[in-house]
Number of protein chains: 2
Amino acid sequence: MTRVLLSEDHPQYVTEAHGCRFTGADGREYLDLMCGWGPVVLGYAHPAVRRAADEQTRLGDCVNGAAPVMVELAELLVDTVPSADWAMFAKNGTDATTTCVTIARAATGRRKVLTAHGAYHGAVPWCTPGKSGVTVEDRAHVDHFEYNDIASLGAAVDRAGGDLAAIVVCPFRHDVRRDQELADPEFARAVRALCNRTGAAMILDDVRCGFRLSLGGSWEPLGVRPDLAAWSKAMANGYALAAVTGIAALRDAASDVYVTGSFWYSAVSMAASVATLTELRETDALVRMDRAGQRLRDGLDAQAKRHGLEVNQTGPVQMPLLTFAGDPEFTVATRWAREAVTRGVYLHPTHNWFLSAAHTESDIDEILDRTEDAFAAIARSVGGLSPN
Amino acid sequence: MTRVLLSEDHPQYVTEAHGCRFTGADGREYLDLMCGWGPVVLGYAHPAVRRAADEQTRLGDCVNGAAPVMVELAELLVDTVPSADWAMFAKNGTDATTTCVTIARAATGRRKVLTAHGAYHGAVPWCTPGKSGVTVEDRAHVDHFEYNDIASLGAAVDRAGGDLAAIVVCPFRHDVRRDQELADPEFARAVRALCNRTGAAMILDDVRCGFRLSLGGSWEPLGVRPDLAAWSKAMANGYALAAVTGIAALRDAASDVYVTGSFWYSAVSMAASVATLTELRETDALVRMDRAGQRLRDGLDAQAKRHGLEVNQTGPVQMPLLTFAGDPEFTVATRWAREAVTRGVYLHPTHNWFLSAAHTESDIDEILDRTEDAFAAIARSVGGLSPN
């Protein structure tokens, strides 16, 4: 199992969080580049989201049926996401990906599911990166392809033969412990074409990227629309919620699959989601996040150059990762992350970071002030050549 | 698949909920006997729980790490539940049962898991009551026994042979569409003894009953303690939370299993849980709920008799079910539930109900006033003989 543990200088406990900053149990304030591992897209404790959640809390949360806001949210999703003709709700990203797979099997009467080698789709036996407690049968019908490799995908489709239920794919390759890799538009189109040809369901796992890169789905800019999409993290700015959306042709299969949970009607997270999606639709939040991410990337690039350090910055600028050249075990990245966190910038050496719309230009500049010193410390210790 | 749909007179949407009452989208107020399908153990919008949740909301909910309240809650659980040496947290009851099974497999290196025929342990392929989208392999290592039947359990244990990882059992038989059945203490002891003999983990699925029947675990009154327990519903009075607790010997296996979720650190539900468990520990909430349940049972019994209707009231009084004799398809039960709901009492014809500590004697009497008329309507239509 790949463990993604952080340094002992990373605070383990968080006592308070607002905007793009939080306070650790040691009383120190940190500028945050992880956003609660993704959910916080507008900033911690965003006032409009908080207000909507508080209002719904006064009415009711976990009750015997749906609150009217569930319909409002479903309609908002269908209006926002071009591939969505319907929506259903859950609590974890894993609930959403697992439900997508189950719907695909129900719809096709087939069993085989293809995922990319190393891709993370959740933490239950059919997909968890761990091996402990997992049986061979849990993964009996899961086969793999190489991300961005059309030939490899084609071969996996051939191996599945007439039993292919679904291809599950992330908007970009964001596996831990490797540089990130954007989707090749030709690869994305090939996924769609192979699903069309075989009748398998195309499942876009937009749990991590959804509502951060592009409102209507992370492959909308590529013009590639899934049959089913799994959503969670950013959709309610930190309130626990997940969703599956799908095309009309899969509505009956979705209705026929038995899924439920004690808190799946909980209305507060849905009110928070309506407020979050409304804010994302009606403001320039996504544009500002993109701009802040670019400013961070440019700044880090310049700093690394200045300190004679060769770095790779990969992934979308809103979900960036910085690694060091010639650092296969992430030793330097881990030390750099530690130097950053001791200077009050919380980021991760091997897992993509997340920006939020609360990151202003001046926050980014404050972050860069501190990473400058972190690079300097690394340059001193690895003997990097500073042109100065 | 067994569908548990309600009549068209049951409100599908809930606009507001307080104490043991809620308002439907039609503006009508209902006296509630479902408690959000179990989570609401102290009553909707309980002030102390709300206050704790609001305070934690001001600090932070979904952040990069744990809030201090996670440690507080883990310690409170370990202090409250005699079988718990540690605790871990999740979002759905299904997360908790699935994690228990995975830990048991990790600990034993074995695969077979036994559950009772018809028992509900969650809504993912290994255990869902549905068949759509489920493959044979999803259940390859799940075998079944008859609840309360020691011989049947022994036979299933024998079939598993040296490959038995766990026995999963509910505190009582609360399957839908049948009278409920309390656990025979001898059966409970046999589960424990068979796990001791084989080295399999004994998993108590206390998701539905936990913190409603008995604080330290629903089989504490029987003196039978599990190795792993799954909790959810009532533990945070409606805030989305689940937990696994276990014995010290399973701590390493639990640490080795890869499970996580984007909202598993969310602190608000944990603060709500600390407040809920504290209220349950420090007040007579459980005693009052028991008393209210008994008052309801006695009242319904007397009413049925008065109307010449033979009913079966089964399960613990806090989680009751009422069915009619000679009504195998629940036709009469469904009509009676409909007569009740049109009179403003929300209850279910085939799924156990839930009481909360917010149900006062006068609330129960008000419920009984209305069920009296519902029985009268049934007696008229089925030609039941009224002694009056």
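Residues numbered from 1 in each chain as written. Chains lettered and ligands numbered in written order. Predicted model: local features only at pLDDT ≥ 70, side-chain atom pairs only at ≥ 80, totals over all residues. Heavy atoms only, no water.

**Student:** Explain the relation of the copies chain A and chain B residue by residue, including any values.
**Tutor:** Note on the copies: chain A fits chain B at an RMSD of 0.0 Å, the axial shift is 0.0 Å, and the rotation between them is 180 degrees. This pairing of chains is accounted for by a two-fold axis. When each C-alpha of chain A is compared by its distance to the rotation axis, A:Glu137 comes out closest, at 2.6 Å. When you check the interface residues of chain A against chain B, 100% turn up at the interface there too, and the contact is symmetric in its surfaces. (Least-squares fit on C-alpha atoms with pLDDT ≥ 70 in both. Contact = heavy atoms within 4.5 Å.)

**Student:** Help me get a handle on helix 5 (residues 185-198) of chain B, residues and values and all.
**Tutor:** Residues and elements named next belong to chain B. In a regular helix each residue adds 1.5 Å, so 14 residues correspond to 20 Å; helix 5 covers 20 Å between its end C-alpha atoms and thus fits that length. If you check which residues of helix 5 are buried, you get Phe187, Ala188, Ala190, Val191, Arg192, Leu194, Cys195 and Thr198. Turning to helix 5, the residues buried within the fold contact strand 6 (142-145), helix 4 (150-160), strand 7 (164-169) and strand 10 (201-205). Where helix 5 begins, the side chain of Asp184 points an oxygen toward the backbone nitrogen of Glu186, at a separation of 2.9 Å. (Helix = DSSP H or I, 4+ residues; strand = E, 2+ residues; numbered from the N terminus. Expected span 1.5 Å × (residues − 1). Buried < 20%, exposed > 50% of the residue type's maximum accessible area, 1.4 Å probe, protein only. Polar contact = N/O pair within 3.5 Å; in protein donor to acceptor, adjacent residues only side chain to side chain.)

**Student:** Now, about the sheet that holds strand 1 (residues 14-18) of chain B: what can you tell me, with residues and values included?
**Tutor:** Residues and elements named next belong to chain B. Judged by pairing direction, the sheet is mixed, and its 4 strands sit side by side in the order 1-2-3-15 without closing on themselves. At either margin of the open sheet sits one strand with a lone partner, and together these are strand 1 and strand 15 (345-346). Where strand 3 (residues 29-32) lies against strand 15, 2 bridges are found, and the strand directions are parallel. Residue pairing across strands places Leu31 opposite Val345, the latter belonging to strand 15. (Pairing = 2+ DSSP bridges.)

**Student:** Describe in detail the packing of helix 8 (residues 285-306) of chain A against helix 10 (residues 361-382) of chain A, supporting the description with residues and values.
**Tutor:** Residue and element names in this part refer to chain A. Direction vectors running N to C along helix 8 and helix 10 enclose 20 degrees, while the axes themselves pass 10 Å from each other. The orientation of helix 8 with respect to helix 10, classified from their angle, is roughly parallel. In this structure, the crossing between helix 8 and helix 10 has a hand that is right-handed. Contact residues: Arg291, Ala292, Arg295, Leu296, Gly299, Leu300, Gln303, Ala304 and Arg306 in helix 8; Glu361, Ile364, Asp365, Ile367, Leu368, Asp369, Thr371, Glu372 and Phe375 in helix 10. (Axes fitted to C-alpha atoms, helices over the stretch in contact; angles between N-to-C directions. Parallel < 35°, antiparallel > 145°, perpendicular 65-115°, else oblique. Left-handed = near helix turned anticlockwise from the far one by under 90°.)

**Student:** So what's going on with the interface of chain A and chain B? Residues and values would help.
**Tutor:** Taken together, the contact pairs 70 residues of chain A with 70 residues of chain B. Summing both partners gives a buried area of about 5,700 Å² for chain A against chain B, and 54% of it is carried by carbon and sulfur. Of all residues in chain A, A:Asn64, A:Tyr258 and A:Phe263 give up the largest surface area on contact with chain B, accounting jointly for 15% of the area buried on that side. The interface formed by chain A and chain B holds 0 salt bridges in total. If you look at where chain A meets chain B, you find 28 residue pairs in polar contact (both at pLDDT 80 or more). When residues of the side of chain A that touches chain B are traced back to their parent elements, those giving at least two are strand 1 (14-18), helix 1 (47-59), helix 2 (68-80), helix 3 (93-108) and helix 6 (251-256) of chain A. Here the residues of the side of chain A that touches chain B sort into 33 nonpolar, 23 polar and 14 charged. (Buried area = accessible area lost by both parts, 1.4 Å probe. Salt bridge = Lys/Arg side-chain N within 4 Å of Asp/Glu carboxyl O. Nonpolar A, V, L, I, M, F, W, Y, C, P; charged D, E, K, R; others polar.)

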